[in-house]
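Structural overview for review
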Amino acid sequence: MWGGRFLSKPSDIMQAINVSISFDKRLAEQDVSGSKAHADMLARCGIIVDTDNAAIQIGLDDILLEIKHGTFPYRDEFEDIHLNIEARLTELIGETAGRLHTARSRNDQVATDFRLWIRDQLDEFDEALAGLQRALLSQAGNTADMLMPGFTHLQVAQPVTFGHHMLAYVEMFARDRARFLDCKTRLNESPLGAAALAGTPYPIDRDMTAAALGFSRPMANSLDAVSSRDFALEALSCASICATHLSRLAEEIVLWTSVQFGFVTLSDKFTTGSSIMPQKRNPDAAELVRAKTGHVTGALVSLTMVMKGLPLAYSKDMQEDKRPVFEAFDALALSTVAMSGMVADMKPNARNMAEAAGAAYSTATDMADWLVRELGLPFRQAHHATGAIVALAEAQGDALHELELAEMQKVLPQIHQGIYDVLSPQKSVASRTSYGGTAPENVRAQIKLWQQRL
């Protein structure tokens, strides 16, 4: 398709390193859409005649059917998806197909296709993440009062509710959705018509093709249009953050399903066994979600390295932009669906979590707050006194609510019987009524808000 300047064919090695159809065929439908919009514009602007456009449109529709039915003949000899489709169009409608490439280059063509593909994927991510949020929200609705320990440094810190914990991830994935939407807004500009790098002398209408393809506007600089890949980098950055959130939840599921924690169980649907230990139930789905984060973040680093030293405008290095995006998006899509399934499948163990919620003197902060509220102590003094009482309880092997009042009064004589009102995990959780706190009434209010939003 580009051989006029050349007297012989590329070597087998050149062909092997140059061909990209094995992976960029994923852009096939987007390539057809871009070509149909381009041909319509050429006809509207009088650059090609209507009869040629009609033949091109019919041929492209036939190709689209072949693509959807899996019968399109992808061939390495035509390098990439763009030349494969043009070659097939030539087979179907003859020399008229050659008019399609008027006023465009593979450079603006691939940039357009890639933006269209990523835009479609961002819409799919939004839908998948909304599904994950609904699964988390369903768990939260059933566990707004269910106690569990909140951790810092993976040490028991303060009691919270399982519903509150689920809502934390609802918020995280909401920000991921917002990042993808923001990314989509920025990438939604059309490179089509920038041609190779300098624009074209033909009287084209770039606004027409941009509108036809659902872009908000044509890109304003032809050099930038064909050479920028920050839209892909930004999408990968958003994907990397999202994958990190998925990995954190996956890690918690791995911990929670262990015998040592015993907070939740997963059914056979999301666990596997051992080839040698018949008793094992392994949370392999969660572990694989955790691992796939490396693929997503690795793709971001990979594409950054491809782009970091490229002068304007297009270089063949940029052929390597798509593979990491495809692989990363595949990993994220599968991870999101798997996580939605696991969250819906989880069965919380209320007894184990409640027992853990009251362990390790988790209501010590409530005691310190009580000393401030009831006795008027400065918080630092209250903190010090509470620490001394915890040390006393620990030495005697008692929980805070089991410690005799007289023992507490040895540390701070002003303490009275009212202290016991705040030492249970239930009372602790119920008291956390500040906005964003774990009090069940707060959790239910947030659940209601999220149900409306989703």
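What counts as what
Residues numbered from 1 in each chain as written. Predicted model: local features only at pLDDT ≥ 70, side-chain atom pairs only at ≥ 80, totals over all residues. Heavy atoms only, no water. Helix = DSSP H or I, 4+ residues; strand = E, 2+ residues; numbered from the N terminus. Expected span 1.5 Å × (residues − 1). Buried < 20%, exposed > 50% of the residue type's maximum accessible area, 1.4 Å probe, protein only. Contact = heavy atoms within 4.5 Å. Patch = residues over 30% accessible without salt bridge, like charges linked within 9 Å, V, L, I, M, F, W, Y side chains within 5 Å. Areas by Shrake-Rupley, 256 points an atom, 1.4 Å probe, with all protein chains shown as cover. Salt bridge = Lys/Arg side-chain N within 4 Å of Asp/Glu carboxyl O. Lys, Arg positive; Asp, Glu negative; His and termini not counted. Charge placed at Lys NZ, Arg CZ, Asp CG, Glu CD. Phe/Tyr/Trp six-rings, centres within 6.5 Å; stacked < 30°, edge-to-face > 60°. Pairing = 2+ DSSP bridges. Core = buried A, V, L, I, M, F, W, Y, C linked by side-chain atoms within 4.5 Å.

Let's talk about helix α4 (residues 50-69)
Taking 1.5 Å of rise per residue, 20 residues should cover 28 Å, and α4 covers 29 Å from first to last C-alpha, within 8% of that figure. Taken together, the buried positions of α4 are occupied by Asp52, Asn53, Ile56, Gln57, Gly59, Leu60, Ile63, Leu64, Glu66 and Ile67. Where α4 is buried, its residues touch α3 (28-44) and α5 (81-93). Note on α4: the residue one or two positions beyond its end, Gly70, has a positive phi of about 75°.

Regarding a negative patch on the surface
On the surface, a cluster of negative charge is contributed by Glu29, Asp120, Glu124 and Glu127. Considering each element in turn, the negative patch owes the most residues, three residues, to helix α6 (residues 106-142). Counting through the fold element by element, Glu29 comes out in helix α3. A residue is classified by how much of its surface remains accessible, and Glu29, at 37% relative accessible area, is partly exposed.

With respect to unusual backbone geometry
Between Leu312 and the following residue, Ala313, the backbone shows a cis peptide bond with an omega angle of 10°. Structurally, Ala313 is set in the loop between α11 (284-307) and α12 (322-345). Even without being glycine, Ala103 reaches a positive phi, approximately 65°. Note on placement: Ala103 falls in the loop between α5 and α6. Even without being glycine, Ala360 reaches a positive phi, approximately 60°. If you trace the backbone, Ala360 turns up in the loop between α13 (350-357) and α14 (364-375).

Concerning the packing of aromatic side chains
Summed over all chains, the structure comprises 11 aromatic pairs. Here the aromatic rings of Trp117 and Phe329 are separated by 5.8 Å at their centres, their planes lie at 25°, and the arrangement is stacked. Here Trp117 is found in helix α6, whereas its partner Phe329 is found in helix α12, with 212 residues between them in sequence. For Phe329, a relative accessible area of 0% translates into the label buried. Taken together, the ring pairs connect Phe114, Trp117, Phe125, Phe180, Phe231, Phe326 and Phe329 into an aromatic cluster.

Quick word on the environment of Leu303
The residue Leu303 is located in helix α11 in this model. For Leu303, a relative accessible area of 0% translates into the label buried. Sequence-wise, Leu303 and Lys322 are 19 residues apart; in three dimensions their C-alpha atoms are separated by 8.6 Å. If we ignore the near neighbours within four places in the chain, the residues touching Leu303 are Ala232, Leu233, Leu236, Asp321 and Val325.

Observations concerning α12
One turn of the α-helix equals 3.6 residues, which is why residues spaced by three or four share an orientation. With 24 residues, α12 ought to run about 34 Å at 1.5 Å a step, and its terminal C-alpha atoms sit 35 Å apart, in line with that. Of all 24 residues in α12, 17 are buried, a share of seventy percent or more.

Points about the pairing of strand β2 (residues 155-161)
As defined by bridge partners, strand β1 (residues 147-152) adjoins β2 across six bridges and the pair is classed as antiparallel. Directly across from Met148, in β2, lies its bridge partner Val160. Between the end of β1 and the start of β2, which pair antiparallel, lie two residues, with His153 showing a positive phi angle near 60°.

A few points about the nonpolar core
The biggest cluster of nonpolar side chains holds 92 residues, and the ones touching the most others in it are Ile118, Phe329 and Met339. When residues of this core are assigned to their parent elements, the largest contribution, 14 residues, is made by helix α10 (residues 230-256). Contacts of Phe329, omitting those with residues within four sequence positions, involve Trp117, Ile118, Gln121, Phe125, Ala235, Leu236 and Ala239.

Considering the pattern of salt bridges
Under the criterion given, the structure shown has 22 salt bridges. Here Arg99 makes a salt bridge to Asp52, at a shortest N to O gap of 3.0 Å. Note that Arg99 is positioned in the loop between α5 and α6 and Asp52 in helix α4, a separation of 47 residues in sequence. The partner of Arg432 in a salt bridge is Asp366, and the shortest N-O contact between them spans 2.8 Å. Of the two residues, Arg432 is situated in the loop between α17 (425-431) and α18 (440-453) and Asp366 in helix α14; the sequence distance between them amounts to 66 residues. Arg432 sits in the partly exposed class, given a relative accessible area of 22%. One salt-bridge network, held together by shared partners, links Glu66, Arg75, Arg88 and Glu91.

None of this, on its own, says anything about what the molecule does.
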